[in-house]
Structure formats: structure tokens, C-alpha cells
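# Summary of structural features
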Amino acid sequence: MSNKVILKAEDLDGYLTSEDMAELKTLDEMFKETMKSFDPINEEKIIEGYDKMGDEMQKICKKHPQIKVYTFESEPQAQAEASRVISKLRDVKTDHQEFMYYSQRAYEMLFRLAFINRKTDKRGHLIVKTPVNFPVQNYAVHKIPDIDHKIHNSVMCVMLRGALLPSMIVSKEIEEYSSNGYITPFALFKISRNDSKNESNMEYVMDLDRSFFDLELLNGKDLIFADPMNATGGSLVTVVKYLQDNGVKPNSISFFNTISTLKGAIRVTRALPNLTCYTLWVDPVMNEKAYIMPGLGDAGDRLNGSDTKTHPRNIIQLLADYGHNISSLYRSQMFEIERTVLG
């Protein structure tokens, strides 16, 4: 007998207000107007269209304090860096290795947005032993923000495939900023959506038989989800509602996205009041298949490569396929994930 949890798209729209729906409709109309300049391409009109949509989305996001958009929250120099990173991730010419590299940069930026505050953070110190040992062993002192109180209660929650490497990146940042090298526990969920459905009747399915987590470990914790794309918000809401129905009361929930649709960001923050959505970039709309537009394609396949229908990889095989560079850089995270899966 199948052991699965299903959430339907109409359940998600119940969290949106009439004002939300009206603002999202306006953006949809603006994007459709801009699309008229795609073929044949009219660069001047495209720039004009995206400038107008950007201003509109920034105005809407100001009404939602739980939605933190990197390019709306940061200074111009950092905005330019984020824009360049997103442009590389979107580009059809960006290959697998480049996509992994720019994904790492994206999540390092998101980590700073969520956890680093130069005005309020106390200073901590790192004393580093260097390779120079003549005439005596040398050491160096480096000042870093003391954020132990922000990160030492955290658990990485992975909605598998495309979320695996981003979750490892965030966990690595937590380890590096921790005063004692804290390694986050991992909770692994197998979530999929029925791509035969349209955005209006989409279904999200959590396969409990292929998920690995301990409910007791999650109760009272700061849960962190890192997923490259937040289109509808359905996968996240499916997981968290399941946990809540089973007695888990998170202290807080953070959702890190490279790109989020405005609709997806509003949905998850409306559905989960103790959640903050951190996204590097916000895109205006989805198409009928619930794919983000303009989007960046299938982030999971671009990070992990595509599975064949006859030989889908499990999570251990995905880890193995990342190769030596990833396994050596994220060895603590890989060991923790393997321990969670294998017991």
C-alpha cells in the first residue's frame, strides 16, 4: 500500500487574499505584454517591460515583511553581483560545472542575507594556525560575526534532488561561521509534483517510504529549506503541514531560493506564519504547467544531471555522482546525510 501525502493546488490558493490575486493578475498582464517583444526580439521594449515589473514587484514585496528579496534588500553593489549570478544561472550556455559554481555563490549570498547583520552582530574571533613555522609557528587572528545563537538550533530539511546541493552549501556556511564547527542534522523528504497537471490543479506528493527524518529531532528546531526554485510553494507547504499534523512545532522556518515567483513567496508566507522566505531574485509569473517564467529551466537536472526512467538514482547515488571536488569540500555534510539515510 502506498504511503504518501498529497496536497492540491487549490489548497494553496486558499491562503491568498483578494488583494494578492489582483496584484498577481496585474503582473501576469504585464508579463504577457512584455512577451510580445520576444519574437521578434525588441530589446528596448523588453528592458522597459522588465523595469516596470521590477518596480511593481518591489512595491508589492514591501507589504510582505516575511519575504526578503536580496536585490531589494541590499546595496547597489551587491544587487549588481546578484544580477550577474542570476544571469549566468539563467543562460542556456551555462554548463553543468558553471551552474554548480554559480549556485554556490547564490547560496553564500543568501546565507549572508539571512544571518549576517553588521550593525547588531557581536564580534567573534578565529585564531588560525598557518603553514609558516619559521622562526616560530605563526598564527593569525580574524574577526567574524558571532552568530552561534542564530545557527546552533538549525536543521537542514532537504526536498531531495535539486535541493540536495544547495542544502549542503547552506550547512557548510553554518559550519564555517560556527565557533565550534556545528554540523547541522539533516531531514530528507521525497517530494514530487505531478507534471501532467496544470498550475490550477497541480498535485504535490510526499513519499514517506523514500524519506528519512526523525520527528523528535525536528520539534522546536529552526528548520531551513534550501530549494533553487520556488514556483508554487506546494512542496514546502506539503512537508511542513505534514510535520505539524504529526506534532512538530518548529521554532522558526527559513526558505532559501535562488529564484521564487512572487505568488510562491506570498503563498508560503501566508500558509506558514513563522516562515521567512529569502530569495536572491523574484520572477513575476508561472505558465500553465507551473514553470517559472522567465525562470532558468529544471534546476535539479542542471545541478544533478537527468535520471533515466529505468534507473532513477537514490540519494546516495546522487552524492556519489557529485564527484571528488564536492565530496571533499562538503565531507562533513555528506557524512551526515549518509548517516541519516543508512542509519
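Provided above is the structure to which this section pertains.
First, a word on what this report is: a plain description of the structure on this page. (Residues numbered from 1 in each chain as written. Predicted model: local features only at pLDDT ≥ 70, side-chain atom pairs only at ≥ 80, totals over all residues. Heavy atoms only, no water.)

## Topic: unusual backbone geometry
The step from Asp39 to Pro40 runs through a cis peptide bond, and the omega angle for that step is 0°. Residues Met293 and Pro294 are joined by a peptide bond in cis, for which omega reads 5°. Of note, Pro294 is situated in the loop between β14 (292–293) and α12 (299–304). For Ala290, which is not glycine, the phi dihedral falls at a positive 65°. Position of Ala290 among the secondary structure elements: in the loop between β13 (285–286) and β14. (Helix = DSSP H or I, 4+ residues; strand = E, 2+ residues; numbered from the N terminus.)

## Details of the pairing of strand β12 (residues 275–283)
Across the 9 residues of β12, 8 count as buried, placing the element largely inside the fold. Pairing of strand β2 (residues 67–69) with β12, which is carried by 3 bridges, proceeds in the parallel orientation. Within β12, the position partnered with Lys68 by the bridge is Tyr278. As paired strands, strand β11 (residues 252–261) and β12 are joined by 8 bridges and run parallel to one another. The residue of β12 that forms the bridge with Ile253 is Leu275. Assessed by its sense of winding, the connection that carries the chain from β11 through helix α11 (residues 262–271) to β12 is right-handed. (Buried < 20%, exposed > 50% of the residue type's maximum accessible area, 1.4 Å probe, protein only. Pairing = 2+ DSSP bridges. Right-handed = clockwise from strand over helix to strand, strands pointing away.)

## A closer look at the nonpolar core
In this structure, Met168, Phe225 and Phe256 are the most contacted members of the largest nonpolar core, which totals 98 residues. The biggest single contributor to this core is helix α6 (residues 96–115), with 10 residues. Among residues more than four places away in sequence, those in contact with Met168 are Leu319, Tyr322, Ile326, Tyr330, Gln333, Met334 and Ile337. (Core = buried A, V, L, I, M, F, W, Y, C linked by side-chain atoms within 4.5 Å. Contact = heavy atoms within 4.5 Å.)

## Observations concerning the state of the cysteines
This model, assessed by the stated rule, comprises 0 disulfides. In this structure Cys61 is a free cysteine whose sulfur lies 9.0 Å from that of Cys277, the closest cysteine sulfur available. Since its relative accessible area comes to 0%, Cys277 is described here as buried. (Disulfide = S-S within 2.5 Å.)

## Points about the environment of Ile224
Tracing the backbone through its elements, the reader meets Ile224 in strand β9 (residues 222–226). Along the sequence, Ile224 and Asp91 sit 133 residues apart, while their C-alpha atoms lie 28 Å from each other. For Ile224, the residues in contact, after removing those within four places along its chain, are Phe115, Ser154, Val155, Met156, Cys157, Val170, Ile174, Ser254 and Phe256.

## What about the pairing of β11?
Among the 10 residues that make up β11, 9 are buried, leaving the element largely enclosed by the rest of the structure. Of the strand pairs in this sheet, β9 and β11 are connected by 5 bridges, and their pairing is parallel. Across the sheet, residue Ala226 finds its bridge partner in β11, namely Phe256. The sheet contact formed by strand β10 (residues 229–230) and β11 spans 2 bridges and is parallel. What sits directly across from Met229, in β11, is Ile259. Running through helix α10 (residues 234–245), the crossover from β10 to the neighbouring parallel element β11 is right-handed.

## Side note on the pattern of salt bridges
Per the counting criterion, the structure on display carries 18 salt bridges. Between Asp301 and Arg161 there is a salt bridge whose closest N-O contact spans 3.7 Å. One end of the pair, Asp301, is in helix α12; the other, Arg161, is in the loop between β5 (154–158) and α8 (164–177), with 140 residues separating them in the sequence. For Glu176, the salt bridge goes to Lys172, with nearest N and O atoms at 3.4 Å. One end of the pair is Glu176 and the other is Lys172, both in helix α8 and 4 residues apart, which spans about a single turn. Put simply, Arg161, Asp301, Asp307, Arg313 and Asp321 are held in one network by salt bridges that share partners. (Salt bridge = Lys/Arg side-chain N within 4 Å of Asp/Glu carboxyl O.)

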